[in-house]
Amino acid sequence: EQLALKLCTYNRNYKLTFQYGIWDRIKRLDDDAGARPAAVVNLATIFASLVGAKILSLSTLKTLAWDELSGATVMLCRVFFRELLSRLDGNALIRCFQLVQPPSLRQRIGGVLRGDVYHYLSRAATTPPHTITCSDGNTRDARALRAKVRTATQALFEVPDDVVAAVTTKKNVSLI
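Residues numbered from 1 in each chain as written. Predicted model: local features only at pLDDT ≥ 70, side-chain atom pairs only at ≥ 80, totals over all residues. Heavy atoms only, no water.

With that settled, consider the nonpolar core. One finds Leu 58, Phe 80, Phe 81, Phe 97 and Ile 109 to be the most contacted residues of the largest nonpolar core, which totals 48 residues. For this core, the secondary structure elements donating two or more residues are helix H1 (2-10), helix H2 (12-31), helix H3 (37-52), helix H4 (71-87), helix H5 (90-98), helix H6 (103-126) and helix H7 (142-157). With sequence-adjacent residues up to four places away left out, Leu 58 is seen in contact with Val 51, Phe 80, Phe 81, Leu 84, Cys 96, Phe 97, Val 100, Leu 105 and Ile 109. (Core = buried A, V, L, I, M, F, W, Y, C linked by side-chain atoms within 4.5 Å. Buried < 20%, exposed > 50% of the residue type's maximum accessible area, 1.4 Å probe, protein only. Helix = DSSP H or I, 4+ residues; strand = E, 2+ residues; numbered from the N terminus. Contact = heavy atoms within 4.5 Å.)

Written out as C-alpha cells, the structure reads:
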C-alpha cells in the first residue's frame, strides 16, 4: 500500500497503471465466482488508500457493473467504502464525493452508500461493541462511519456550483 502511494506520487504513469490494473481486476471479479475474500479485501484496501490520498478518484468505479453486482463485488464495495470513510474526515470526505463525474455514477454510488453500505454499518452500530475492524487491524466506531455515509451521500447530491464549473472545464480542483 505504501509502495503504491510512493510510486504514484513519483510518476504519473504509475497512477495510470494502477487505475487500469484496478479496472481489470474489478472486471475479473464479476467473472470470477471463486474470488478469494483476502484478494478482494486487498484490492479494496489499496484502492481506498489511492482514493484517500487523492491519487485516484471515485470515478474509477465507473467500470463496475452496477446493475448486477456479484457477491465478490458487493464485498469489494463494502470494504472499499468502509476503508475510505475511515481514512477521510471533514472537507476531504466531502470533496472526494463532490467530484464524482458523471452524474449517473453519482446516483449509483449514492444508491450503494444508502443501501448496502449504510445497512451493513447500521447492523454493526446496533450490536455491541459497535465497532468494525478495518484492514489495518484497528477498530472504528460503526456509528461514526454511518454518520460519514450520510455526509458522503449528501455531498454526492449537493454539489456547489464552483465544483461543477471546475470539473466541467477540467480545471484542477483542490480536494481539501
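All told, the structure shown has five salt bridges when counted by the stated rule. Glu 83 serves as the salt-bridge partner of Arg 87, at 3.6 Å between the closest nitrogen and oxygen. In this pair, Arg 87 and Glu 83 both sit in helix H4, four residues apart, roughly one turn of the helix. Each of Arg 82, Glu 83 and Arg 87 takes part in salt bridges that share partners, so that together they form one network. (Salt bridge = Lys/Arg side-chain N within 4 Å of Asp/Glu carboxyl O.)

So, about the packing of aromatic side chains. Inspection of every chain in the model, using the stated rule, returns four aromatic pairs. Their ring planes at 65° and their centres at 5.0 Å tell us that Phe 80 and Phe 81 sit as a pair that is edge-to-face. Using a relative accessible area of 0% as the deciding quantity, one classes Phe 81 as buried. The rings of Phe 47, Phe 80, Phe 81 and Phe 97 are connected pair by pair, giving a single aromatic cluster. (Phe/Tyr/Trp six-rings, centres within 6.5 Å; stacked < 30°, edge-to-face > 60°.)

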